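Close look at the chain arrangement
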Amino acid sequence: MFVSENLSVNEKGHLVIGKNDAVELAKEFGTPLYVLDEDLIRKHCRVYRDAMDKYYGGNGLVLYASKAFCSLYICRVAKEEGLGLDVVSGGELYTALKADFPMDKVYFHGNNKTVDEIELAVKNGVGHFIVDNIYELETLNETAKKAGIVQKIMFRIKPGVDAHTHSFIQTGQIDSKFGVALENGEAFEIIKRASEMSNVKVDGIHCHIGSQIFDIEPFRKAAEIMMNFIGDLKDKLGLEIDMLNLGGGYGIMYTESDDPVPYDEYIRHISGIVKETAEKRGVKVPFILMEPGRSIVAPAGVTLYTVGGVKDIKNVRKYVSVDGGMGDNPRYIMYQSEYEAVIANKANAERTEKVTIAGKCCESGDILLKDAVMPEIHVGDTLAVLATGAYNYSMASNYNRIPRPAVVAVSDGNAKVVIKRETYEDLICNDL
Ligand SMILES: *Cc1c(COP(=O)(O)O)cnc(C)c1O
């Protein structure tokens, strides 16, 4: 009935998430409120982990792509579930450090890591860098030399695969700011260069072709291309590549029209082509890494809002305004992303009218749902927007000086605040 499997409706007709009444959560913690179902997050971690065990005999590791939702809390959950972590900035790395995340399971990404970030990561013993470019490679080799270590690295490769998704989140093609290309020899040259350096060790190669992808084919294609490249590196350089990181990007259901493939299926297909190509090219099956972000946390999230003004412009549009918007969920204004919503205090009510749900920021594009068919909405209703666990809190801003909402984690009938609501005082605390 809902896009996320963990939601239901209780005898009062209220939306239920993680055995918690959403209307009660809104009352207790205030709105807007991010709610995350911890049990579902853990379930997703296990689905990926189990599939890795099943199809690669445990010769692999699932990394949670922390940019989807990064906080001390989620780092601890990922650690407890035995996942590794993908970080893309000094701030994400710092969060992992403060959560006592095992640094050997941290993979440091990013297309323009600063010297400070590189030093922070080397100093703290980050397991692997995913090197993006020659400038980073040289800086890293120097930094590692000064620190007296040999840093393990992988390379971000553009396999030249066109994933069918929004152009802002397509990253596998040659015209991308991320990584080095295969087709013009750039990838081969940089790896050759690295293999001659004293303080880096080439452990593996990495690709990430984009996000919110529903087809298996681009993933299969990318895996095959990467395995063939491993074969080429062995043939031409005598270099053995031990690790293959296939990135994230698995699609989730935001609305009924989205049709994701079960993640287990993806992994089964991809493992098939990896093993087949390894055999064909006479190389061993590498240690496999994958980096799901969205698919682990997005379906577990719901954002609760309180409905304010309702503006019915006859023969034009009916606007329903809520007490949040692009500050807590900028995905509509960035990508015209679609969501589904439920009136949490009458979750079974018949959907009878078309409305546009708008935020409270000073931008006409500050919309959460455009032309959504909803039950009749009134001032004071609690609106729940579904599948907001990824790229919402992590992309939130203080535009219009609106404090960021709290994040509450629910599990088996319990609810706890894992990120406090910002106060007005927080907003000015760095102002001089
Ligand atoms: C964003 C990103 C991911 C995670 O993508 P999802 O679509 O959230 O699964 C994984 N790896 C890299 C390198 C990324 O940039």
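Residues numbered from 1 in each chain as written. Predicted model: local features only at pLDDT ≥ 70, side-chain atom pairs only at ≥ 80, totals over all residues. Heavy atoms only, no water.

1. Description of the sheet that holds strand β1 (residues 7-9)
- Spatially, β1-β2-β3 is the arrangement adopted by the three strands of the open sheet, whose pairing is antiparallel. Lying at the two open borders of the sheet, with one neighbouring strand each, are β1 and β3 (20-21).
- Pairing geometry for β1 and strand β2 (residues 15-17), over three bridges, is antiparallel. Of the residues in β2, the one forming a bridge with Ser8 is Val16. (Pairing = 2+ DSSP bridges. Helix = DSSP H or I, 4+ residues; strand = E, 2+ residues; numbered from the N terminus.)

2. Details of unusual backbone geometry
- At the junction of Thr31 and Pro32, the peptide bond is cis and its omega measures out at -5 degrees in the coordinates.
- Structurally, Pro32 is set in the loop between α1 (22-29) and β4 (33-37).
- Positive phi, normally seen in glycine, also occurs at Tyr391, with a value near 55 degrees.
- Relative to the elements of secondary structure, Tyr391 occurs in the loop between β19 (382-386) and β20 (406-411).
- Tyr391 gets classed as buried once you look at its relative accessible area, which sits at 10%.
- Unlike most non-glycine residues, Asp412 shows phi in positive territory, near 45 degrees.
- For Asp412, a relative accessible area of 47% gives the class partly exposed. (Buried < 20%, exposed > 50% of the residue type's maximum accessible area, 1.4 Å probe, protein only.)

3. Structural notes on the nonpolar core
- Membership of the largest hydrophobic core comes to 109 residues, with the highest contact counts inside it found for Tyr64, Ile153, Phe155, Ile191 and Leu383.
- Aside from chain neighbours lying at most four places away, what touches Tyr64 is Phe69, Ile74, Ala78, Leu83, Gly84, Leu85, Asp86, Pro292, Gly293, Ile296 and Val297.
- In terms of nonpolar packing, the next biggest core, distinct from the first, is built from 22 residues, Leu7, Leu25, Val408 and Val410 among them. (Core = buried A, V, L, I, M, F, W, Y, C linked by side-chain atoms within 4.5 Å. Contact = heavy atoms within 4.5 Å.)

4. Quick word on the environment of Glu38
- Tracing the chain through its elements places Glu38 in helix α2 (residues 38-56).
- For Glu38, a relative accessible area of 9% corresponds to the buried category.
- In this structure the C-alpha to C-alpha distance between Glu38 and Gly301, which are 263 residues apart in sequence, comes to 9.2 Å.

5. So, the packing of helix α6 (residues 134-147) against helix α7 (residues 186-195)
- At a minimum axis distance of 11 Å, the contact between α6 and α7 shows a crossing angle of 10 degrees. When the axes of α6 and α7 are compared, the pair comes out roughly parallel. Side by side, α6 and α7 meet where Ile134, Leu137 and Glu138 of the first sit next to Ile190, Arg193 and Ala194 of the second.
- Classifying every residue of the contact of α6 with α7 by side-chain character gives four nonpolar, no polar and two charged. (Axes fitted to C-alpha atoms, helices over the stretch in contact; angles between N-to-C directions. Parallel < 35°, antiparallel > 145°, perpendicular 65-115°, else oblique. Nonpolar A, V, L, I, M, F, W, Y, C, P; charged D, E, K, R; others polar.)

6. Some details on the packing of aromatic side chains
- With the rule as written, the count across this model stands at eleven aromatic pairs.
- With 5.4 Å between their ring centres and 80 degrees between their planes, Tyr254 and Tyr339 make a pair best called edge-to-face. With a gap of 85 residues between them, Tyr254 in the loop between β12 (243-245) and α9 (263-281) and Tyr339 in the loop between α11 (331-335) and β16 (341-343) connect regions that are remote in the sequence. The burial state of Tyr254 is the same as that of Tyr339; both residues are buried.
- For Lys113, the ring lying beneath its charged end belongs to Phe108, and the centroid distance is 5.5 Å.
- Note that Lys275 overlies the ring of Tyr56, its terminal NZ or CZ placed 5.9 Å from the centroid. (Phe/Tyr/Trp six-rings, centres within 6.5 Å; stacked < 30°, edge-to-face > 60°. Lys NZ or Arg CZ within 6 Å of the ring centre and 35° of its normal.)

7. Focus on the packing of helix α8 (residues 217-237) against α9
- α9 packs onto α8 with a crossing angle of 25 degrees between their chain directions and a minimal axis gap of 9 Å. Considering the angle they form, α8 stands roughly parallel to α9. Classified by chirality, the crossing of α9 by α8 is right-handed. Contact with α8, carried on its side by Phe219, Arg220, Ala223, Glu224, Met227, Asn228, Gly231, Asp232 and Asp235, involves Tyr266, His269, Ile270, Ile273, Val274, Thr277, Ala278 and Arg281 of α9 and no other residues of that element.
- For the contact of α8 with α9, a count of residues per class yields eight nonpolar, four polar and five charged. (Left-handed = near helix turned anticlockwise from the far one by under 90°.)

8. A short note on the domain arrangement of the protein
- For the protein, the assigned domains are domain 1 (7-37 + 298-427) and domain 2 (109-292).
- Centre-to-centre separation of domain 1 and domain 2, based on C-alpha positions: 36 Å.
- Surface buried jointly by domain 1 and domain 2 totals about 820 Å² across both partners, of which 59% is contributed by carbon and sulfur atoms.
- Area buried by domain 1 at its contact with domain 2 is led by Tyr335, Glu338 and Glu340, which between them contribute 49% of it. (Domains from an automatic or database assignment. Buried area = accessible area lost by both parts, 1.4 Å probe.)

9. Observations regarding the environment of Asn133
- When you line up the elements, Asn133 lands in the loop between β8 (128-131) and α6.
- Taking C-alpha positions, Asn133 is 37 Å from Glu363, a pair spaced 230 residues apart along the chain.
- Setting aside anything within four residues of it in sequence, one finds Asn133 in contact with Asn111 and Ile190.
- At 3.1 Å, the side chain of Asn133 forms a polar contact with the backbone nitrogen of Tyr135. (Polar contact = N/O pair within 3.5 Å; in protein donor to acceptor, adjacent residues only side chain to side chain.)

10. Thoughts on the site of the ligand
- In the region of the ligand, 15 residues are neighbours, and Lys67, Ser211, Glu291, Arg294 and Tyr391 sit closest.
- In the environment of the ligand, an oxygen atom lies 2.3 Å from a nitrogen or oxygen atom belonging to the side chain of Ser211.
- Contact distances for the ligand include 2.7 Å between a nitrogen atom and a side-chain N or O atom of Glu291.
- For the ligand, whose unbound accessible area comes to 380 Å², protein coverage reaches 94%.
- For the shell around the ligand, the class distribution of residues is three nonpolar, seven polar and five charged. (Near = heavy atom within 4 Å. Areas by Shrake-Rupley, 256 points an atom, 1.4 Å probe, with all protein chains shown as cover.)

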